[in-house]
Protein chains: 4
Amino acid sequence: MKAVFVNCTLKPSPEPSNTELLATVVADELTQTHEVDITWFRLADLHLDHGVKTSMSEADEWPPVHDAIAAADILVVATPTWVGHPSSYAQQMLERLDAMISETRDDGEPLALGKVAGAVVTGNEDGAHHVISEIAGALVDIGFTIPSQAWTYWNRGPGPGPEYTDTEDGHDWSAETGRTMAKRLAEVGRALATAGI
Amino acid sequence: MKAVFVNCTLKPSPEPSNTELLATVVADELTQTHEVDITWFRLADLHLDHGVKTSMSEADEWPPVHDAIAAADILVVATPTWVGHPSSYAQQMLERLDAMISETRDDGEPLALGKVAGAVVTGNEDGAHHVISEIAGALVDIGFTIPSQAWTYWNRGPGPGPEYTDTEDGHDWSAETGRTMAKRLAEVGRALATAGI
Amino acid sequence: MKAVFVNCTLKPSPEPSNTELLATVVADELTQTHEVDITWFRLADLHLDHGVKTSMSEADEWPPVHDAIAAADILVVATPTWVGHPSSYAQQMLERLDAMISETRDDGEPLALGKVAGAVVTGNEDGAHHVISEIAGALVDIGFTIPSQAWTYWNRGPGPGPEYTDTEDGHDWSAETGRTMAKRLAEVGRALATAGI
Amino acid sequence: MKAVFVNCTLKPSPEPSNTELLATVVADELTQTHEVDITWFRLADLHLDHGVKTSMSEADEWPPVHDAIAAADILVVATPTWVGHPSSYAQQMLERLDAMISETRDDGEPLALGKVAGAVVTGNEDGAHHVISEIAGALVDIGFTIPSQAWTYWNRGPGPGPEYTDTEDGHDWSAETGRTMAKRLAEVGRALATAGI
């Protein structure tokens, strides 16, 4: 199976990304335990037009992301938490994916049908559950299936505190939850593929 | 397959429930097209304790709801929209289901694993998408899988307006979307069962 | 000035309430520094009907809560976090307050106009910011003004962890934020009263 | 008094913006009835860096928006609804405003203290209440006060439907609500200024 990981950090490469580090735990588990090939995108490194169409301009670098998602079985949205919300890149991605609602497969079904998706969230303060709900609600709308517990996070309240890489606190829980996430994505993804959905 | 429909209207029987009417479109499609047996609960007719355990007191009428959900393949939460949120009965139900996170099957996996869930939402004003995200986010946390487009709604903005039964506007869209919801729940539910998840 | 604190814990008295403990920091600051009189309600101790009217039945114990809020300048909603949401009692309260949208003062303005409100949130895992947004959004709809930083919280991710009273971690931040909350509620409440809003 | 209106439509000028049209109702009322001067920004026409600092690069065109908001009494965020959320430009704006949490006035108080804010939302489907809650929750965090009913919207469910300019349905309600919004922003803004907050 194939998975696409989209890192929605606000920081372009080569700045280190906490979100990428936690997402890598999930990606490694998918690759090593569940034989899933991963393609990564970091939206802050791309020129992305704003809009709700798959292709917006000559300069627009969204179409390769779209095509990779269209060819994959699994989508993972990895995002930091800002003012308690998914990042502006995550929202921009959901807007671009909005076009997928009306794109169909050869059998006339929605393009995203049969694909599964999940979320990886980091932040230096409280907020992950809402970010996960926002992403899950949008992706279910667009046509993805969200397996149970298809998420992990590392957010630490109360109040602003250390970032993920500033401490070891809670890393074990986030990693173990991430490995469960990988299992859920892989097993539900396979079940949908086997069933021909 | 078996489904449980939980109507979270604030109104006890025999008051008519808009939410029940729209949910019935989904239930009928599940029964007639997808051979699913339905069990209904209307929480306003039960004595439900508040809390996060499966059984709270002698008088508590939640355990039969819990047991029906535990025995079912599909859960549908049907709720009106109040101040833009799922109803207090829907939230009370999610709190009671919180106990299910730590309940396990014979194979040690979470009790809800392998079950699918969706939402039916009504309201006399804007708000359905958020209600769907709130319910989906919570149920994914508890262990349910949310199939793509496993929801329908009838909410009508801008501003307060007619209720579902006061008009025919939009009924066709809500019913067609409800039939797609039934298909998604049935096909993903079967895929998970076949895969032994 | 007068304030009403509504504790939306799921636990009836005399069980200890983490939410009450943190809310008391805010209440004490309002009383001692800002000369505000406090009236407390704990919804789990009352018989509350479900619905969206101010009075639902003979047995309904909501009307005294309504009347106290109607007579107060400040409303504080104190709630635990369950599945990332305000508690079912908090939602039930917002539903009952929905009636206030159409209640008017002698001058024909909405009853809640001129009142300020805020939120106190606790939980043994991530979720406070969303709970605050849900409560603020609903109360703005009903007619309350939300002063800047009119909230405090103690939620601690990642993953399920200790409750507020199980640790001292973060208490100082939550208390200091709570005292700022008291100041904002008092100063904006006074400004609206002085302006005759 | 001064107000800043930020249009977060995804479409650059000169494409027509539904969101601008509805926001103009509010702006006109502020100008004509409440003697408020308006400065407009349309984020899709600017080069905005991503990040959480007030100034990110030489090319970054956020600083003039920041400075206008810093000098104003009233902020209005006008946004379309995409996948049920505020637009990616609205989220990008909230991220840039995050820096304002730690910016202070001469008296040491937060820069946004004493300012009021509200939201104007449009969309061709359900979603406004959640968008309003997301924006209000974030702005209260950053330091703005949200007056009661400081919002208007035009969203129309169920299902995808006409855009604001495709129909006259509901325009009267949205306009009347917008005029109330203008009154609330002006009167609470004046009350805070008079009180020296």
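In what follows, the structure referred to is the one given above.
Residues numbered from 1 in each chain as written. Chains lettered and ligands numbered in written order. Predicted model: local features only at pLDDT ≥ 70, side-chain atom pairs only at ≥ 80, totals over all residues.

Asks: I tried to follow the interface of chain B and chain A on my own but got confused; where do I start?
Replies: Interface extent is often summarised as the accessible area lost during association of the parts. Each side of the interface is counted separately: chain B has 25 residues, and chain A has 25 residues. Elements with a contribution of two residues or more to the side of chain B that touches chain A: α4 (128-142) and α5 (171-194) of chain B. Broken down by element, the residue count for the side of chain B that touches chain A peaks at seven residues, all from α4 of chain B. Along the lines of polarity and charge, the residues of the side of chain B that touches chain A split into 14 nonpolar, eight polar and three charged. (Contact = placed C-beta atoms within 7 Å. Helix = DSSP H or I, 4+ residues; strand = E, 2+ residues; numbered from the N terminus. Nonpolar A, V, L, I, M, F, W, Y, C, P; charged D, E, K, R; others polar.)

Asks: Where do I start with the environment of T81 of chain C in this structure?
Replies: All names here are of chain C. Within the element layout of this structure, T81 appears in strand β3 (residues 74-82). For the pair T81 and T9, spaced 72 residues apart in sequence, the C-alpha separation works out to 9.1 Å. With near-sequence residues (within four places) excluded, T81 lies in contact with V121, G123, G127, A128, V131 and N155.

Asks: Whenever I open this one, the relation of the copies chain A and chain C confuses me. Can you help?
Replies: Look at the two chain copies: a rotation about an axis and a shift along it is all it takes to match them. Taken as rigid bodies, chain A and chain C are interconverted by a rotation of 180 degrees and an axial shift of 0.0 Å, the fit giving an RMSD of 0.0 Å. Here the two chains are linked by the operation of a two-fold rotation axis. The fraction of interface residues of chain A whose copies in chain C are also interface residues reaches 100%, indicating that both copies meet through the same surface. (Least-squares fit on C-alpha atoms with pLDDT ≥ 70 in both.)

Asks: Could you clarify how one ought to interpret the relation of the copies chain B and chain A in this entry?
Replies: If you rotate chain B by 180 degrees and push it 0.0 Å along the axis, it lands on chain A with an RMSD of 0.0 Å. Comparing contact sets, 100% of the residues at the interface of chain B also lie at the interface in chain A, consistent with an isologous, same-surface contact.

Asks: It is not clear to me how unusual backbone geometry should be interpreted in this structure. Could you clarify?
Replies: Among all residues save glycine, negative phi is the norm, and among peptide bonds the norm is trans. Cis geometry marks the peptide bond from G157 of chain A to P158 of chain A; its omega dihedral reads -5 degrees. Assignment of secondary structure puts P158 of chain A in the loop between β6 (151-154) and α5 (171-194). That bond from S13 of chain B to P14 of chain B is cis: its omega, 5 degrees, falls within 30 degrees of zero. With respect to the secondary-structure elements, P14 of chain B resides in the loop between β1 (2-7) and α1 (18-34). Notably, E35 of chain A is not glycine yet its phi reads approximately 55 degrees, a positive angle. Residue placement: E35 of chain A occurs in the loop between α1 (18-34) and β2 (37-42).

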